[in-house]
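Here is what each chain is made of, one letter per residue.
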Amino acid sequence: MDFPLDIMQTETGDGRSPLRFDPPTTTMLLAPWPGEDALSMDAILQAIANCTGQELNVRVAEPEEGGADWACQVEIEGLPAPCAIWCDRSEDLSLAAQEITGVECGTLVAFETMLSTDDPLTNYINLVRLVSMCMPDTPVLHDTGSGYWLEQDRIQQDFLDMDREPPEDILWRIEVEDGTVRTAGLRRCGRVELAMHDIPEPMRQTAIETISDIAALALELELPGPDGLLEISPGIRVRFEPADGDDAPATIHDEGGGSHPATALQAMCSGDVAVFRTTRRSRQTTRLAQATWGQFVGACRDGIDDNTVDFLVQVPFEQVDAEEPLREHLWLQVIGVDDDTVEARLVHQPRLVTGIDVGWTTTVAADEVSNWMVDTEDGPIGPGDIDPEADAS
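Structure report, in brief.

With that out of the way, let us pick up the overall build of the protein. Helices and strands together make up the secondary structure of the protein, namely 8 helices and 19 strands. Whereas a compact globule of 393 residues would reach a radius of gyration of roughly 21 Å, the protein reaches 24 Å, a difference of no more than 12%. If you line up the protein on its principal axes, its C-alpha atoms span 75 × 55 × 40 Å. In the protein, once contacts between residues fewer than 6 apart in sequence are set aside, the share between residues at least 24 apart is 61%. Accessible surface, the protein: about 19200 Å² in total, of which carbon and sulfur atoms supply 44%. Taking the 24 positively charged and 75 negatively charged side chains of the protein as two groups, their mean positions are separated by 5 Å.

With 12 residues, helix H1 (residues 41–52) extends 17 Å from end C-alpha to end C-alpha; this agrees with the ideal 16 Å at 1.5 Å per step. Taken as a whole, H1 has its buried residues at Met41, Ile44, Leu45, Ala47, Ile48 and Ala49. Contact partners of the buried residues in H1: strand E2 (57–60), strand E3 (70–75), strand E4 (83–88), strand E5 (105–113) and helix H3 (120–134). The first or second residue beyond H1 is Gly53, which carries a positive phi of 70°.

With that settled, the discussion passes to helix H5 (residues 204–220). The end-to-end C-alpha distance of H5, which contains 17 residues, comes to 25 Å, matching closely the 24 Å that a straight helix rising 1.5 Å per residue would cover. Of the residues making up H5, those classed as buried are Thr206, Ala207, Thr210, Ile211, Ser212, Ile214, Ala215, Ala216, Leu217, Ala218 and Leu219.

Moving on: the sheet that holds E5. Sheet architecture is open: 7 strands sit in the order E2-E3-E4-E5-E1-E6-E7, paired in antiparallel fashion. Looking at the sheet topology across the chains shown, the edges are occupied by E2 and strand E7 (149–151). The sheet shows a mean angle of 20° between the axes of neighbouring strands, direction not considered. Relative to E7, strand E6 (residues 140–143) runs antiparallel, the two being bridged by 3 bridges. Considered in E7, the bridge of Val140 is made with Glu151. Along the sheet, H1 makes contact with E2, E3, E4 and E5, crossing E3 at roughly 20°. Contacting strand E1 (27–34), E5, E6 and E7, H3 runs over the sheet at an angle of about 15° to E1.

Reading guide: rules and limits
Residues numbered from 1 in each chain as written. Predicted model: local features only at pLDDT ≥ 70, side-chain atom pairs only at ≥ 80, totals over all residues. Heavy atoms only, no water. Helix = DSSP H or I, 4+ residues; strand = E, 2+ residues; numbered from the N terminus. Rg over C-alpha atoms; globule rule 2.2 N^0.38 Å. Contact = heavy atoms within 4.5 Å. Areas by Shrake-Rupley, 256 points an atom, 1.4 Å probe, with all protein chains shown as cover. Lys, Arg positive; Asp, Glu negative; His and termini not counted. Charge placed at Lys NZ, Arg CZ, Asp CG, Glu CD. Expected span 1.5 Å × (residues − 1). Buried < 20%, exposed > 50% of the residue type's maximum accessible area, 1.4 Å probe, protein only. Pairing = 2+ DSSP bridges. Axes fitted to C-alpha atoms, helices over the stretch in contact; angles between N-to-C directions.

Following this line, the structure appears as structure tokens:
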């Protein structure tokens, strides 16, 4: 599905990293519209103007026989590139939307733009917010870059709630084929896709999680070329080998080579280590954990004696006497509750911080926590599963 105006005029530039490039590929959202009557261009443009409070600079495309019902280009503050918008019909999209939501949609409105290479996640959040606010009756949005379908409840929780935001992996999907695990969607962020090859079957789920975590780091860090190393966890380093061809992914290797980072994956499989989190994700998780602390403490108080449930808190510790201040987020198991604090015991050996060992206990308050988890027989529950506005009692 192509936009009838060539609005993505771009210049070739040298990336700051061999695994970055500018300009990125485009991002497209498709918004199915209920009923058979198409939305008019004037209605969409008025909705955008109302949502943004901006006077829009609009360029209208001449209609083409057999093409889109209408098409235009709009410059919108908050998006780094012009946004192409057009109305079209797609039987496949209509059938898929009806299967997912139960709503019959005869037409669609497409939005196509480019995300900035500096902060693609914020740009993407702004785009989804804009489309969903301008078309509140659309039952679902389809992201052609990731393949994800964003239903209204997901949009309301992760995009329109100003206290939350989706994780970085909303920007890409992970594909697995014949032992190869790779990303699909990083190119629209101005990053080369990543791949791991010859992954043994028992390690594939770990590889999926690890490559997605590395992709998230790529949004904040300059990934090195083949002569450099990236430390993805304490003492664990990987190497990136750019491939020939514009669309070919960079291969992730162990520090010493190999078709995949076997040492890193084995360490991740052991459960003792995890890939470093991005600063943005750490801040978001901390904010949610502290906002829902009352609900967590209440759950601890009610279930502390239930042997089938474990209550855990994560607390950041700093090693201030090191050459450079080091921060490590450590998990502790709740062993007691007192008003709005919990008593907790360290459950794993620190890798960076010294002076404390497994079994060490401390009191944890809301302003000290960076995450929490309730580990149940049905799976873990975390801050993202809780409404901060719910009754904490």
